[in-house]
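The chain contents come next:
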Amino acid sequence: MRYVFILMLLVFGGCVSQPQDSAPLGREQPNVILVFIDDMGWADFSCFGNHDASTPAIDRLAAEGIAFEQFYVNSPICSPSRVAISTGQYPQRWGITSFLAHRGQNSSRGMVDWLDPEAPMLARSLRQAGYATGHFGKWHMGGQRDVDDAPAITRYGFDESLTNFEGMGPKLLPATMRPGWEKPGKIWQDAERLGGPVTWVQRSEITRGFVDAAINFMKRAESAGKPFYVNVWPDDVHTPFYPPVDEWPEGGKRELYLAVLEAMDRQLEPLFDYIRSDEHLRNNTLILVCSDNGHEPGAGSAGPLRGSKTTLFEGGIRSSLVVWGPGVLAPEAVGMRNTTSVFAAFDLVPTLMDITGTPRGEIAHDGESVPDVLLGRSAASRAGPLFFSRPPDRKNFGPYQDLPDLALRRGKWKLVCDYDGSRASLYDLDNDPGETTDVSSQQPTIVVEMTRQAMDQHRAFETDPANPR
């Protein structure tokens with residue numbers, strides 16, 4: 001009997017973890033699908049409180065699975081967040097602390113131009129364990145702007161890839177159309193130099209193209225008798241927003257965002273239906289749904305949480321996570337809302353390796369394996385704290401000025417401070433998830449301890465000989 005896992009996510013971190021005895025014994029390797037949404041807020045799914053738009057495909061997954069409210073990403077911005085969920089390690093270890101851009105801009109921020117292909121990729125580990133591996137959608141870990149000599153996505157352990165304008169290899173590029181235009185436009189045309197073949201698709205339909213390619217890949221893997229690991233990483237809700245022309249809303253940025261959010265949900269539905277309509281796959285599928293970082297101000301929403309994309313407040317680093325798998329989850333977990341388990345995207349790497357029975361060997365993951373939490377058998381949290389650092393180019397962003405540089409989540413406590421430990425603020429997230437009240441004056445010992453932890457971790461990354469910076 002084989003298992004299928006569909007993942008849609010965002011991040012946590014801490015220490016090298018040990019395998020847990022929770023993978024099914026005597027069973028074949030499960031399939032895995034990871035859907036990772038770009039720039040979506042914590043409260044953007046209607047099952048997480050969005051009353052302005054409807055996401056029925058995701059809502060159905062939540063109703064039949066588990067919704068996690070305290071799932072984190074490892075960075076409030078795209079490229080480092082993607083590194084963490086791919087490697088199970090803090091992205092600072094690989095010199096990627098903000099979005100990858102032009103060479104000069106990367107260098108000025110102390111960053112590399114692409115992720116080292118020798119990084120311990122989940123895809124490579126699964127491929128070595130017998131999986132067919134495919135990536136479909138946004139990449140943004142190398143191959144963008146004037147960086148045209150980055151490694152192909154297939155160098156990272158994928159048998160096949162189809163990406164957009166921020167990755168090397170075959171791609172779908174976005175054509176654009178809006179009411180009143182006589183012919184489509186094209187954006188990011190220079191990306192044609194980053195590998196082909198290139199197919200131009202309306203931006204409002206591009207996720208459907210990635211889903212179709214992923215389904216075809218999975219069918220071929222099934223025919224070959226191989227388990228599969230598939231990334232589906234859409235970027236619909238990242239600017240610029242181009243909903244279907246016949247659904248173009250009145251209003252501004254927020255209304256455009258909601259329209260593309262609903263269109264993305266519809267385009268993802270065939271992926272879920274493909275699994276759900278096959279009894280074998282339906283009974284052996286795990287689906288995790290989340291975002292790579294918080295929403296763009298004025299577009300998405302974090303609901304009661306403070307902050308947005310690029311900030312270290314909860315709205316920048318906490319993501320909604322939906323997990324679905326009727327034949328894999330604990331039966332009593334179906335329809336559950338988990339409000340207590342704190343874990344992160346890089347925890348998913350060792351967790352999935354343990355669930356699939358994939359050897360971890362000598363890989364030192366920062367993520368912890370939490371299969372019992374993911375499968376609904378436990379409401380525990382990861383053991384270690386979670387460390388975060390601000391993108392170095394985003395001290396100010398949109399409505400936010402003089403943002404804190406570092407953050408640490410430890411138990412119920414959340415601390416933010418600057419690189420030198422100044423301006424430390426402490427929040428009790430059990431009672432104040434919106435970070436409205438600084439309680440640092442009431443907990444001076446905890447502030448000193450957590451500030452030191454955050455500073456020490458930051459300095460360790462700065463001086464790590466393996467760090468290419």
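Below: a short report on this structure. Computed from a prediction, not measured in an experiment: that's the story for all the values here.

Parameters and conventions
Residues numbered from 1 in each chain as written. Predicted model: local features only at pLDDT ≥ 70, side-chain atom pairs only at ≥ 80, totals over all residues. Heavy atoms only, no water. Phe/Tyr/Trp six-rings, centres within 6.5 Å; stacked < 30°, edge-to-face > 60°. Helix = DSSP H or I, 4+ residues; strand = E, 2+ residues; numbered from the N terminus. Salt bridge = Lys/Arg side-chain N within 4 Å of Asp/Glu carboxyl O. Buried < 20%, exposed > 50% of the residue type's maximum accessible area, 1.4 Å probe, protein only. Contact = heavy atoms within 4.5 Å. Polar contact = N/O pair within 3.5 Å; in protein donor to acceptor, adjacent residues only side chain to side chain. Pairing = 2+ DSSP bridges.

1. A short note on the packing of aromatic side chains
Right, so step 1: On inspection of all chains with the given rule, the structure shows 17 aromatic pairs.
Right, so step 2: Look at Tyr72 and Phe388: their rings are 5.9 Å apart centre to centre, the planes differ by 40°, and that puts the pair in the tilted class. Within this pair, whereas Tyr72 is found in strand β3 (residues 66-72), its partner Phe388 is found in strand β14 (residues 386-389), the two being separated by 316 residues in sequence.
Right, so step 3: Taking 6.4 Å as the distance between ring centres and 25° as the angle between the ring planes, the aromatic pair formed by Phe158 and Tyr229 counts as stacked. With a gap of 71 residues between them, Phe158 in the loop between β4 (132-137) and β5 (160-162) and Tyr229 in strand β9 (residues 228-233) connect regions that are remote in the sequence.

2. Focus: the pattern of salt bridges
Right, so step 1: Tallied over the entire structure, the rule returns 41 salt bridges.
Right, so step 2: Note that Arg410 is salt-bridged to Glu449, the shortest N-O span being 3.2 Å. Residue Arg410 is located in strand β15 (residues 406-410), and its partner Glu449 is located in helix α11 (residues 444-463); the two are separated by 39 residues in the primary sequence.
Right, so step 3: Take Arg410: its relative accessible area is 24%, and that puts it in the partly exposed class.
Right, so step 4: Several salt bridges share partner residues, and in doing so they unite Asp38, Arg82, Lys138, Arg145, Glu166 and Asp292 into one network.

3. What about the environment of Arg103?
Right, so step 1: Inspection of the secondary structure assignment puts Arg103 in helix α3 (residues 103-108).
Right, so step 2: The spacing of Arg103 and Val211 is 108 residues in sequence and 31 Å in space, taken between C-alpha atoms.
Right, so step 3: For Arg103, the residues in contact, after removing those within four places along its chain, are Asp113, Asp146, Val147, Asp148 and Asp149.

4. Some words on the side chain of Gln144
Right, so step 1: Here Gln144 shows up in the loop between β4 and β5.
Right, so step 2: Polar side-chain contacts of Gln144 include one of 3.2 Å to the backbone oxygen of Ala101.
Right, so step 3: One polar contact links the side chain of Gln144 to the main-chain carbonyl oxygen of Asp113, over a distance of 3.5 Å.
Right, so step 4: Sequence-distant contacts of Gln144, defined by excluding residues within four places in its chain, comprise Leu100, Ala101, Asn106, Asp113, Phe165, Glu166 and Leu194.

5. Structural notes on the pairing of strand β2 (residues 30-37)
Right, so step 1: Counting buried residues along β2, 8 of its 8 residues qualify, which places the element largely inside the surrounding structure.
Right, so step 2: Side-chain alternation along β2 places Pro30, Val32, Leu34 and Phe36 on one buried face and Asn31, Ile33, Val35 and Ile37 on a second face that is also buried.
Right, so step 3: Inspection of the sheet shows β2 paired to β9 by 3 bridges, in the parallel sense. Within β9, the residue paired with Val32 across the bridge is Tyr229.
Right, so step 4: Note: β2 against strand β10 (residues 285-291), 3 bridges, orientation parallel. Across the sheet, residue Phe36 finds its bridge partner in β10, namely Cys290.

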